[in-house]
Amino acid sequence: MNLLRRHPIAFVLIALVLLSALGPLPPLVDAVSGAPPADVDLVRPMLYTLLAPLSNVLDALTFLSLERAKALLLGWTAVLALWGLLRRGTPRRRLVVAALGPLAVVLLGVAAVVLPRPVPRLVAADSTLTVIDYHAHTAQSHDGRRGWTLADLAAWHAAQGFGASYVTDHNVVFNGGVDDPIRLLPGVEWSVYDQHIVALGAVAPVERGVYGRDTRAMLGLFGALHRQGAIGIASLPEYWRNHWAELDDFVAAGADGFEIVNCAPKAIGFPAAARAQVLEVAESHDLLVVGASDNHGWGKVTCVWNLSSPSAHGYRSNRVIARPIALAQGEWQPWTAACTQPWLMLAGLSWSERSSWLTWILVILIYRAVPRRAGDPGGIGILARSLSLKILRLRRPPPATG
Ligand SMILES: [Zn+2]
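Reading guide: rules and limits
- Residues numbered from 1 in each chain as written.
- Predicted model: local features only at pLDDT ≥ 70, side-chain atom pairs only at ≥ 80, totals over all residues.
- Helix = DSSP H or I, 4+ residues; strand = E, 2+ residues; numbered from the N terminus.
- Contact = placed C-beta atoms within 7 Å.
- Pairing = 2+ DSSP bridges.
- Core = buried A, V, L, I, M, F, W, Y, C linked by C-beta atoms within 7 Å.
- Buried ≥ 20, exposed ≤ 12 C-beta atoms within 10 Å, placed from the backbone.
- Axes fitted to C-alpha atoms, helices over the stretch in contact; angles between N-to-C directions.
- Parallel < 35°, antiparallel > 145°, perpendicular 65-115°, else oblique.
- Nonpolar A, V, L, I, M, F, W, Y, C, P; charged D, E, K, R; others polar.

Participant: Hey, could you go over the environment of Leu-122 for me, with residue numbers and the actual values?
Facilitator: Positionally, Leu-122 belongs in strand β3 (residues 121-124). C-alpha of Leu-122 to C-alpha of Glu-189: the two residues are 67 residues apart in sequence and 25 Å apart in space. The residues contacting Leu-122, other than those within four sequence positions of it, are Val-40, Leu-42, Val-131, Gln-160, Gly-161, Trp-305 and Ile-321.

Here it is in structure tokens:
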């Protein structure tokens with residue numbers, strides 16, 4: 001009871017880790033049906049699971065919509081600053097703690113974007129399927145990470161189980177030719193009249209001005225891509241934000257498909273209701289629906305993979321497999337992010353990740369609960385020292401009496 005009163009955070013964490021297991025989220029879902037796929041697995045490397053509290057937090061920070069990222073940053077910064085200020089101690093000490101909390105939140109955000117770390121990998125039971133990404137960038141894009149090369153991009157994909165990816169830099173054509181460690185396929189992302197069109201296949205440069213006048217002109221790009229032998233996919237968030245009333249015009253103009261999941265912070269909040277609407281249009285016209293990492297060199301994990309079958313075409317030829325926490329971004333109000341994002345993360349833990357969390361919490365709890373003698377400095381040695389003291393006491397002969 002005393003322990004519980006002295007270490008409330010540890011016990012609240014333990015309760016949350018256990019309670020969230022009552023309504024667990026599957027590691028992956030099919031973005032079309034919403035059901036967990038039976039024939040694919042999310043494989044977490046051993047080091048990823050050993051460091052689960054860090055791995056899971058950094059993943060959860062990566063899968064935030066822009067609005068929710070801002071709300072989460074604001075929420076946790078405020079709570080931790082307040083907690084620091086309300087602690088016991090000298091004003092100086094309270095101020096330091098009040099500053100360290102928010103700093104830790106910012107550092108975690110930076111770590112999510114740049115820290116190298118083990119990542120989960122998608123493994124499909126059927127090896128005839130290609131695990132593919134339809135939309136990714138290199139430093140050739142104006143907003144790509146500086147120094148983010150084709151080799152970096154290929155390695156990023158390979159680590160997460162991809163066997164191929166289109167390279168779709170902003171208005172810069174990629175001609176292909178990379179086969180190792182995965183195949184990088186030719187493509188480009190054209191920006192035309194409030195719309196991004198991902199062109200896949202043997203693409204050639206186009207006169208962008210011709211397609212930039214208005215919606216009608218923009219839609220003409222689909223025909224131009226067909227004449228090149230390429231196909232065109234309408235990208236998120238643009239068709240949702242700027243052309244939502246014109247989906248039928250996209251179809252009539254020859255759009256070959258739509259992105260239904262895109263991991264970029266400005267697109268990941270695409271709501272399920274809108275996705276259902278696009279799916280209806282795509283299914284009735286037998287169009288492709290795809291997921292896009294839209295990687296720009298930042299962040300270590302994708303929120304979506306595609307399973308593509310070589311012989312089929314159209315609506316049935318591609319399966320979109322996503323992380324549930326990513327799909328949930330459009331379902332929760334941004335202001336709830338400080339609570340809902342941690343909860344979604346915990347609900348999505350596997351049992352081995354859950355065990356890792358509990359072990360870490362208990363180790364830290366025991367370390368902090370071992371009473372320090374006056375004059376003992378805090379440090380890693382406390383646990384060991386208290387254990388060795390006990391052993392010494394057992395070995396020491398009883399003090400002579402009389
Ligand atoms: Zn893009």
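Moving on from the model shown.
Participant: Break down the pairing of strand β9 (residues 231-234) for me, with residues and values.
Facilitator: Here strand β8 (residues 195-200) pairs with β9 via four bridges, running antiparallel. Counterpart to Leu-200 in the pairing with β9 is Ile-231. Alignment of β9 against strand β10 (residues 257-262), held across two bridges, turns out to be parallel. When the bridges of β10 are listed, Ile-233 appears paired with Gly-257.

Participant: Please give an account of the nonpolar core that cites residues and values.
Facilitator: In terms of nonpolar packing, the biggest core is built from 80 residues, with Leu-221, Phe-258, Val-304, Val-320, Ile-321, Ala-322 and Ala-326 touching the most fellow members. Considering every element that reaches this core, the biggest residue donor is helix α8 (residues 215-228), with five residues. In this view, Val-320 contacts Asp-30, Ala-31, Val-32, Ile-260, Val-261, Val-289, Val-290, Gly-291, Val-304 and Asn-306; residues no more than four positions away in its chain are not counted.

Participant: Outline the packing of helix α5 (residues 66-85) against helix α13 (residues 337-347), listing residues and values.
Facilitator: Following both chains from N to C, one finds α5 and α13 inclined at 105 degrees, their axes separated by 8 Å at the closest point. Considered as vectors, α5 and α13 are oriented roughly perpendicular to each other. Residue-level inspection shows Arg-68, Ala-71, Leu-72, Gly-75 and Trp-76 of α5 in contact with α13, the latter providing Ala-337, Ala-338 and Gln-341. In the contact of α5 with α13, the residues fall into five nonpolar, two polar and one charged.

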